[in-house]
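So you can see what is in the structure, the chains are spelled out below.
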Amino acid sequence: MDYEASATQRRKCRRAVLLGVCVLLLLTAVGACLGAAFGHRSSGPSNGNFRTILISKCKTYLGEKGEHSSENTCEEMWDAFSGAYVGKDPCDVPMEAYDPLIHAVSEKAACNRMLFWSKTKDIVHQLTEAKHCLLTLEDTLLGFVMDGLTWCGKNGSKETFTTGCPGWMECERNPGSESSWNPTTCNLSLCLVYLYLYLFAESACGEVTAMLNGSINTPFNTNSIFGSIEVKKFSSPKMRALNVILVTRGNDTTNCENDSLQSLQGTLDPNLKYTCKEVQRSKILDCISDPDKPCGDCW
């Protein structure tokens, strides 16, 4: 009888444990559903959360550059940045609102090291991450911090929103093309990206490199950011040459004689030297994987 009583007790315990587990799982599922429902209604993280992300990225960048006294710099950057758009209509942000930010993060031009790109983002950033002899917009402080972020303000709100922001073409006026964009009017918070592209290209000096995609029929597209904004800011005498690296694969038929590249050459300031070289993607990747190879050996 003692044995039977003990067995019965064990069965009751097991049932109780199983019931408890089931209840816990049910509560977890309900909580997840509620969280998803309320999360869907959310307008994005608060000013504090976005601020934390931005300042963290700023400190990461400055730390990698060996600038460890970054606290004041990053705080100043946040104050200047948030002051440009918080509480404002995201489709009506005056360009001068970003002047304090541009002043706060001004950097010296990297003459002979500036790298522009179009349709080659992945391999370009693999290269600049492995080799530090070239610099893209995303390798500057502001470019690094803003890369991948979406933000906007709203009239009368003190928050920063990362969802529900209008897209490039959703405002009546937008910076989507050279014809509709100029440095005096900016009607979308995200046009900060265009402003910085403009300034980065305008500062191009010495010999400049551009990596274009040789696996497409039109490596140089006049409607691309590179074609519509950056190239138009290249000028002598501060810039001497544009060296195009056409990244190709084994069976590509596009080469440096491509009509679009001839158009690129014709678009440039006539005082700029122009060169073009076809380079296999595999060669660049091999160079990236070899820490002892200098950039010059990548092509």
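Residues numbered from 1 in each chain as written. Predicted model: local features only at pLDDT ≥ 70, side-chain atom pairs only at ≥ 80, totals over all residues. Heavy atoms only, no water.

**Regarding the overall build of the protein**
Moving on, step 1. For the protein, the helix and strand inventory stands at 10 helices and 4 strands.
Moving on, step 2. Put simply, the protein runs from its N terminus to its C terminus through helices and strands in the order α-α-α-α-β-α-α-α-β-α-β-α-β-α.
Moving on, step 3. Within the protein, contacts between residues separated by at least 24 positions form 72% of all contacts whose residues are at least 6 apart in sequence.
Moving on, step 4. Carbon and sulfur atoms make up 52% of the accessible area of the protein, which totals about 16,300 Å². (Helix = DSSP H or I, 4+ residues; strand = E, 2+ residues; numbered from the N terminus. Contact = heavy atoms within 4.5 Å. Areas by Shrake-Rupley, 256 points an atom, 1.4 Å probe, with all protein chains shown as cover.)

**Let's talk about the sheet that holds strand 3 (residues 239-248)**
Moving on, step 1. What the 4 strands build is an open sheet, ordered 1-2-3-4; its pairing is parallel. Of all strands in the sheet, those with a lone pairing partner are strand 1 (115-118) and strand 4 (273-280), marking the two edges. Shown here is a sheet whose adjacent strand axes are inclined to one another by a mean of 20°, direction ignored.
Moving on, step 2. In this fold helix 5 (residues 121-130) packs onto strand 1, strand 2 (206-213) and strand 3, with an angle of close to 155° to the strand it touches most, strand 1.
Moving on, step 3. Helix 10 (residues 281-289) contacts strand 2, strand 3 and strand 4 of the sheet and is inclined by roughly 85° relative to strand 4. (Pairing = 2+ DSSP bridges. Axes fitted to C-alpha atoms, helices over the stretch in contact; angles between N-to-C directions.)

**A short note on the confidence of the model for the protein**
Moving on, step 1. Predicted confidence across the protein gives a mean pLDDT of 78, with 74% of residues reaching 70 or more.
Moving on, step 2. Throughout residues 174-188 the model reports pLDDT below 50, and contacts reaching past four residues in sequence, or to other chains, amount to 40 contacts. (pLDDT = per-residue confidence, 0-100.)

**Describing helix 9 (residues 259-267)**
Moving on, step 1. Taken together, the buried positions of helix 9 are occupied by Ser 260, Leu 261 and Leu 264. For helix 9, the arc enclosing every buried residue in end-on projection is 100°, short of the 170-degree limit, so these residues lie on one face. Exposed side of helix 9, more than 90 degrees from the buried face: Asp 259 and Gly 266 are the residues found there. (Buried < 20%, exposed > 50% of the residue type's maximum accessible area, 1.4 Å probe, protein only. Arc of directions from axis to C-beta.)

**Observations regarding the pattern of salt bridges**
Moving on, step 1. Within the structure shown, the criterion is met by 3 salt bridges.
Moving on, step 2. Across the salt bridge formed by Glu 75 and Arg 51, the nearest N and O atoms sit 2.8 Å from each other. Placement of Glu 75 in helix 3 (residues 71-85) and of Arg 51 in helix 2 (residues 47-64) is noted, with a sequence separation of 24 residues between them.
Moving on, step 3. We classify Glu 75 as partly exposed; its relative accessible area is 23%. (Salt bridge = Lys/Arg side-chain N within 4 Å of Asp/Glu carboxyl O.)

**A short note on the nonpolar core**
Moving on, step 1. Counting 54 residues, the largest nonpolar core has Phe 81, Tyr 98, Phe 116, Leu 192, Phe 234 and Leu 264 as the members making the most contacts within it.
Moving on, step 2. Secondary-structure elements contributing two or more residues to this core are helix 2, helix 3, helix 4 (99-104), helix 6 (141-146), helix 7 (191-202), strand 2, strand 3 and helix 9.
Moving on, step 3. When residues in this core are grouped by element, the largest group, 7 residues, is from helix 3.
Moving on, step 4. If sequence neighbours within four positions are ignored, Leu 264 has contacts with Leu 212, Phe 220, Val 231, Leu 242, Val 244 and Tyr 274.
Moving on, step 5. Formed by 15 residues, the second largest nonpolar core is a distinct cluster that contains Ile 123, Met 211, Cys 287 and Ile 288. (Core = buried A, V, L, I, M, F, W, Y, C linked by side-chain atoms within 4.5 Å.)

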